[in-house]
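# Structural characterization, general
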Amino acid sequence: SGSDPSALDAAVQALAPDLVLLLGHVPARWALGLAEPLGHLRTRMHQVAGRPAVVSYDPAFLLRSPATKAAAWADLCGALAHLARRASAPAPG
């Protein structure tokens, strides 16, 4: 079901993405189980089903608020940097 957080966890575990991107406050709050404002959620790395997750703005919001695009770009660059750091880290074990 679309309203069951365990369904998201199962999907993330099955797909095993390198990173989960949560776009907008509604999906971010739902997936993370947090009620913080989007601005606070954007400031740190999160976990969804054991995978790193980044929160940024909803694309529809960016169309209505072009001044926010630079912050969204920074979020995406941060996500990419996180992936690059993980790729260059030595393998555990």
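Anything mentioned here points back to the structure above.
Residues numbered from 1 in each chain as written. Predicted model: local features only at pLDDT ≥ 70, side-chain atom pairs only at ≥ 80, totals over all residues. Heavy atoms only, no water.

## Digging into the overall build of the chain
If you tally the helices and strands in the chain, you get five helices and three strands. Listed N to C, the secondary structure of the chain is α-β-α-α-β-β-α-α in terms of helices and strands. Split into buried and exposed, the 93 residues of the chain put 26% on the buried side. The long-range share in the chain, meaning contacts at least 24 apart out of those at least 6 apart in sequence, stands at 49%. On the chain, the mean spot of the 8 positive side-chain charges and the mean spot of the 6 negative ones are 7 Å from each other. (Helix = DSSP H or I, 4+ residues; strand = E, 2+ residues; numbered from the N terminus. Buried < 20%, exposed > 50% of the residue type's maximum accessible area, 1.4 Å probe, protein only. Contact = heavy atoms within 4.5 Å. Lys, Arg positive; Asp, Glu negative; His and termini not counted. Charge placed at Lys NZ, Arg CZ, Asp CG, Glu CD.)

## Structural notes on the sheet that holds strand β2 (residues 46-48)
Strand order in the open sheet formed by three strands is β1-β3-β2, and the pairing between neighbours is mixed. For this open sheet the edge positions go to β1 (20-23) and β2, each flanked by a neighbour on one side alone. This sheet shows a mean twist of 45 degrees between the axes of neighbouring strands, independent of strand direction. In this structure, β1 lies alongside strand β3 (residues 51-56), joined through four bridges in parallel fashion. Each residue of the ladder has a partner; that of Leu23, found in β3, is Ser56. Taken strand by strand, helix α5 (residues 69-88) contacts β1 and β3, and its axis lies near 165 degrees from that of β3. (Pairing = 2+ DSSP bridges. Axes fitted to C-alpha atoms, helices over the stretch in contact; angles between N-to-C directions.)

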